[in-house]
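Survey of secondary and tertiary structure
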Amino acid sequence: MKRTPEVTTERLGRIVEEASSEVYLFATDDFRFLLVNRGARDNLGFSMEELRGRTPWDIKPEICREDFLKLVEPLISGATERLDFETVHQRKDGTRYDVSIRLQLIQPDGEGVYYAAVQDLSELRHTQAALQESNRRLDAILSNTTMAVFMMDERQHCVFMNNAAEELTGFTLAETQGKTLHEVVHHTYPDGRHFPIEECAIDRAFPEENQTAGEEIFVHKDGSFYPVGFTASAMRDESGIMIGTIIEARNISEDLKVRAAMEAFNSTLVERVEDAIRERKKLERQLVQSQKMEAVGQLTGGVAHDFNNLLQVIGGNLQLLEKDIAGDERQLRRVHNALAGVRRGAELASQLLAFGRQQALNPKPVNIGRLVRGMDDMLRRTLSETVEIETIISGGLWNCLVDPTQVENVILNLAINARDAMDRSGKLTIEVGNASLDEAYAAQHAEVVPGQYVMLAVTDTGSGIPHHILKKVFEPFFTTKDPGQGTGLGLSMVYGFVKQSNGHINIYSEVGEGTTVRIYLPHTRQNEEILASETPTAPQSMANEVILVVEDDDTVRATSVELLSDLGYTILEASNADNGLAIVNSGAKIDLLFTDVVMPGALKSQELARRAKQKLPSIQVLFTSGYTQNAIVHAGRLDEGVELIAKPFTREGLAQKIRNVLDLGRPSVSTPTPSAPLTCEVANHDEGDALNCKSILIVEDQILVRKILSEMLEELGHRVVGTGTIREAKEKLSLQNFHVVVTDLGLPDGSGLDIVQEVMDNNRHVSVVISSGRDASNDISDMLCNSRIQYLEKPYSIHAMKIAINKAISM
């Protein structure tokens, strides 16, 4: 039998000394420490010698002697055998830590001793704090997340619901106690049928030990149904045994709406793609048609050039022959018939050039309403008496920038086409009005630039045009008339002119009802200039006028020379530009250079004209050609200041054009020297008026406003010059000296502030009055700090205008 070791006092002391827990023994009389084991000493930082003279309250900073004596009184009196309490110990270094104390009074042999077992709570408190913080964070997450979270036990009874879960279901956690979640919020199908739990996908997560996700319909506490998306996952303990389920759910009503919208979008996406493909094919067809028309246009332009030269030779010689056979009626009749053929050929060539957008246009600001009214008599003579003509001109009609002669040809062409479509009996309506083509319309018509236009519409009550033919009507030589009844160039000429004028044309027709052709021409704010008609006679030359004819085609040159000689001019001739320049440099007297545009050789006709002007500043230049593209015509318009007579021309037309161009160079007696300041007679005015007469430039695009202001200033004794555009104003400022410039802000070609800046920079002796129909003082406040600038708001009185002008003059 093994002997049990004897526990001696010494051995017991060593056990207590080596124990990891803290052990304190102190006396019952003076409470001084008798024994403090190593664990306690190490934690406190004191040695046993230091502790022998100390008492429990010396290491307990929150308990004094009196409090401690009261604390141990139940042990002394025998009321209790053990005290358990928590307090704070303080180490030698002054740091403190929480402790749990179990205190006993032991009296084995009649002599008592206090025994204290102490546990340091620092680590426990740290663990508890960490756990509380973790619980706080988890609670914050679960309370603030919008996802509803349910925790189910092994019976599938709900043991936790966050705030979102209670808000989602309408139930509190207390109301779900003792029930499965299915019984509370998932018990009925939307059609009213009972929903057994064995069919519940959410419930399967526990028995089948897997994760389930999907969409279901929940029943709210108020009885309403709502869709949810859910995830159900099994919970396991440390050993992996399933102990419940975590369910996450959210209301997906808005998601279903978005999904439905997306499905609707997807269902229409194919249609949109198909529409885009159809639109692309439509644009491709338009591009092919445009390229075809462009190619045909280039071809017709080249043909027209050679054709016009031939017609010029034939026509010119016939006109010369006409003089030689004067009195022979039979021969004259033949010549006249031949000349009629030349005119018809010239019209054909002109139509070809118009379609090819290669005719030389001379655009001007035109009021088409006035032009249509002026054509009324001609239209009534041209059309049958059984055709009723109605014109509708809108009020406040804008001007447009077009060649007025070509517009008349367009209207006449459309009117004749309409007459033929109505079989010379019906109603023709010509309508003119303002129109705006917006972005949506431009998107449907690739060639259209959005903006403001003047619309010209010609409508007939004829037979109409079948839809399959409409897309061909603008093609050259296409016609629905019987053979010999038309060339098929009328509408193609109209089409070419409109495109060359940066306009838009569209045709609408219904079989049996009639046709409408709508033409949109770009709006301009420039004022219309109504010119007097040219005299139809053929003026002769004045004394000793010399013309240099430069033409590479020998027959055309010979014909031109003979026509001009017959008109009384002295003629010099050259076969190309180099020879022409040699004649100019020879010092010969030359009044006019008459040159073809397109000629072979290194020196071009435009360069010849420029050098001739340098050598002979007073020489005038007249170009002629049957084809002018990219020479003196750019973007379909004559270059500014260029004079042109198109081939073939008549003797009378040439005579008139030569005379007009030569007269441009004749000095006018009344024309002042450009650089000289304007002068005027000054009436007697009040002493407060500006000193003497001043020259004033008015820049105002509204002609009536400009006229009234001019009269006001002239009444004050000033000399006034008016203009409506920035370009003209700058030209006048460069040629004449002014004292004051009065300018509007809104001008057709820009802002009046451009004029103000021009004056401030380059005309330091000139003052400015800004006149505007709106309060622009804030916009130009910086400029008004300049003493040379005054502001006059419209409408203004004579007195206000007078003050502004006088202030400007006195600067």
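Bear in mind the structure is a predicted one, so any value in this text is a computation, not a measurement.

**Points about the overall build of the chain**
Along the backbone of the chain there are 25 helices and 31 strands. For the chain, the share of sequence-separated contacts (at least 6 apart) that also reach a separation of at least 24 residues comes to 61%. A total of about 44000 Å² of accessible surface is found on the chain, and carbon and sulfur atoms cover 51% of it.

**Structural notes on a nonpolar patch on the surface**
A contiguous nonpolar patch, built from Met262, Phe265, Leu269, Val273 and Ile277 and spanning about 410 Å² of accessible area, is present on the exposed surface. Overall, Phe265 belongs to the partly exposed group, its relative accessible area being 36%.

**What to know about the sheet that holds strand E27 (residues 740–743)**
The five strands are arranged E26-E25-E27-E30-E31 in an open sheet whose pairing can be described as parallel. Two strands lie at the open edges of the sheet, namely strand E26 (719–723) and strand E31 (789–793), each paired on one side alone. Pairs of neighbouring strands in the sheet enclose a mean axial angle of 20°, with direction left out of account. Sheet analysis places strand E30 (residues 767–772) next to E31, joined by five bridges and oriented parallel. Bridge assignment links Ile770 to a residue of E31, and that residue is Tyr791.

**Observations regarding the sheet that holds strand E4 (residues 96–106)**
Strands in a sheet are paired, the pairing made by backbone hydrogen bonds, and the direction either parallel or antiparallel. On the basis of which strands lie adjacent, the open sheet formed by five strands has the order E2-E1-E5-E4-E3 and antiparallel pairing. Lying at the two open borders of the sheet, with one neighbouring strand each, are strand E2 (33–36) and strand E3 (82–90). Between one strand and the next, the sheet's axes are offset by a mean angle of 25°, whatever the strand orientation. One ladder, built from eight bridges, connects E4 with strand E5 (residues 113–120); its direction is antiparallel. Paired with Leu103 across the strands is Ala116, a residue of E5. Sheet contacts for helix H4 (residues 65–77): strand E1 (22–27), E3, E4 and E5; angle to E4, the most-contacted strand, approximately 35°.

**Quick notes on the packing of helix H17 (residues 554–566) against helix H20 (residues 651–664)**
At a closest axis distance of 10 Å, the pairing of H17 and H20 adopts a crossing angle of 70°. Judged by the angle between their axes, H17 and H20 are roughly perpendicular. Crossing handedness for the pair H17 and H20: right-handed. Two secondary-structure elements touch here, H17 through Leu563, Leu564 and Asp566 and H20 through Arg651, Leu654 and Ile658. By residue class, the composition of the contact of H17 with H20 is four nonpolar, no polar and two charged.

**Points about helix H25 (residues 798–810)**
Taking 1.5 Å per residue, 13 residues should reach 18 Å; H25 reaches 18 Å between its end C-alpha atoms and fits that length. Of the residues making up H25, those classed as buried are Met801, Ala804, Ile805, Asn806, Ala808 and Ile809.

**Brief notes about the nonpolar core**
In terms of nonpolar packing, the biggest core is built from 41 residues, with Ile368, Ile411, Leu428 and Ile519 touching the most fellow members. Residues contacting Leu428, with those up to four places away along its chain left out, are Leu383, Val387, Glu388, Ile389, Glu390, Ala415, Ala418, Met422, Val458 and Thr459. In terms of nonpolar packing, the next biggest core, distinct from the first, is built from 25 residues, Trp57, Phe68, Ile101 and Leu103 among them.

**Some thoughts on the side chain of Asp460**
By secondary structure assignment, the location of Asp460 is in strand E15 (residues 451–460). A polar contact of 2.8 Å, which involves the side chain of Asp460, links it to the backbone nitrogen of Gly462. Apart from the residues within four sequence positions on either side, Asp460 is in contact with Ala418, Ala421, Met422, Lys427, Glu513, Gly514 and Thr515.

**Let's talk about a positive patch on the surface**
On the surface, a cluster of positive charge is made up of Lys281, Arg285, Lys471 and Lys472. Structurally, the position occupied by Lys281 is in helix H9 (residues 253–324). Classification of Lys281 by relative accessible area gives partly exposed; the value is 46%.

**Observations regarding the pairing of strand E7 (residues 158–161)**
With three bridges joining them, strand E6 (residues 148–152) and E7 adopt antiparallel strand pairing. Paired with Met152 across the strands is Cys158, a residue of E7. Between the end of E6 and the start of E7, which pair antiparallel, lie five residues, with Gln156 showing a positive phi angle near 70°.

**Considering helix H18 (residues 577–585)**
For H18, the full list of buried residues reads Ala577, Gly580, Leu581 and Val584. On an axial view of H18, the arc spanned by its buried residues comes to 100°, and they lie on one face. Check the buried side of H18 and you find it contacts strand E18 (546–550), strand E19 (570–574) and helix H19 (605–615). Where H18 ends, the next residue or the one after it, Gly587, has phi of about 95°, a positive value.

**What about unusual backbone geometry?**
One non-glycine residue, Phe31, lies in the positive phi region at around 65°. Look at Arg424: it is not a glycine, yet its phi comes out positive at around 65°.

**Some points on the environment of Ile698**
Looking at where Ile698 falls in the secondary structure, it is placed in strand E25 (residues 695–699). Along the sequence, Ile698 and Val741 sit 43 residues apart, while their C-alpha atoms lie 6.0 Å from each other. Contact partners of Ile698, with chain neighbours within four places excluded, come to Arg706, Leu709, Ser710, Leu713, Val720, Val721, Gly722, Thr723 and Val742.

**Remarks on the packing of aromatic side chains**
The tally for this structure, following the rule as stated, stands at 12 aromatic pairs. Consider the rings of Phe31 and Tyr114, whose centres lie 5.5 Å apart with planes at 20°: the pair is stacked. Within this pair, whereas Phe31 is found in the loop between E1 and E2, its partner Tyr114 is found in strand E5, the two being separated by 83 residues in sequence. Here the two residues Phe31 and Tyr114 agree in accessibility, since each one is buried. Put simply, the rings of Tyr24, Phe26, Phe31, Phe33, Trp57, Phe68 and Tyr114 touch in pairs and so form one group of aromatic residues.

**Section: the packing of helix H22 (residues 726–735) against helix H23 (residues 753–762)**
Where H22 meets H23, the axes come as close as 10 Å, and the angle between the chain directions of the two elements is 15°. As judged from the angle between their axes, H22 and H23 are roughly parallel. Between H22 and H23 lies a crossing whose hand is right-handed. Contacts between H22 and H23 involve Ile726, Ala729, Lys730 and Leu733 from the former and Asp754, Ile755, Glu758 and Val759 from the latter. Here the contact of H22 with H23 is composed, by residue class, of five nonpolar, no polar and three charged.

**Considering the pattern of salt bridges**
Considering all chains together, one arrives at 29 salt bridges under this definition. Linking Asp376 and Arg380 is a salt bridge whose minimum nitrogen-to-oxygen distance equals 2.9 Å. You can see Asp376 and its partner Arg380 sitting in helix H12 (residues 376–382), four residues apart, about one turn around the helix. Glu573 is the partner of Arg557 in a salt bridge, and the nearest nitrogen-oxygen pair spans 3.1 Å. Here Arg557 is found in helix H17, whereas its partner Glu573 is found in strand E19, with 16 residues between them in sequence. Residues joined by salt bridges that share partners form a network here, namely Glu17, Arg38 and Arg41.

**Quick notes on the environment of Ser384**
Structurally, the position occupied by Ser384 is in the loop between H12 and strand E12 (387–393). Separated by 39 residues in sequence, Ser384 and Asp423 have C-alpha atoms that sit 9.5 Å apart. Not counting residues up to four positions away in its chain, the partners in contact with Ser384 are Arg419 and Arg424.

Conventions and cut-offs
Residues numbered from 1 in each chain as written. Predicted model: local features only at pLDDT ≥ 70, side-chain atom pairs only at ≥ 80, totals over all residues. Heavy atoms only, no water. Helix = DSSP H or I, 4+ residues; strand = E, 2+ residues; numbered from the N terminus. Contact = heavy atoms within 4.5 Å. Areas by Shrake-Rupley, 256 points an atom, 1.4 Å probe, with all protein chains shown as cover. Patch = residues over 30% accessible without salt bridge, like charges linked within 9 Å, V, L, I, M, F, W, Y side chains within 5 Å. Salt bridge = Lys/Arg side-chain N within 4 Å of Asp/Glu carboxyl O. Buried < 20%, exposed > 50% of the residue type's maximum accessible area, 1.4 Å probe, protein only. Pairing = 2+ DSSP bridges. Axes fitted to C-alpha atoms, helices over the stretch in contact; angles between N-to-C directions. Parallel < 35°, antiparallel > 145°, perpendicular 65-115°, else oblique. Left-handed = near helix turned anticlockwise from the far one by under 90°. Nonpolar A, V, L, I, M, F, W, Y, C, P; charged D, E, K, R; others polar. Expected span 1.5 Å × (residues − 1). Core = buried A, V, L, I, M, F, W, Y, C linked by side-chain atoms within 4.5 Å. Polar contact = N/O pair within 3.5 Å; in protein donor to acceptor, adjacent residues only side chain to side chain. Lys, Arg positive; Asp, Glu negative; His and termini not counted. Charge placed at Lys NZ, Arg CZ, Asp CG, Glu CD. Arc of directions from axis to C-beta. Phe/Tyr/Trp six-rings, centres within 6.5 Å; stacked < 30°, edge-to-face > 60°.

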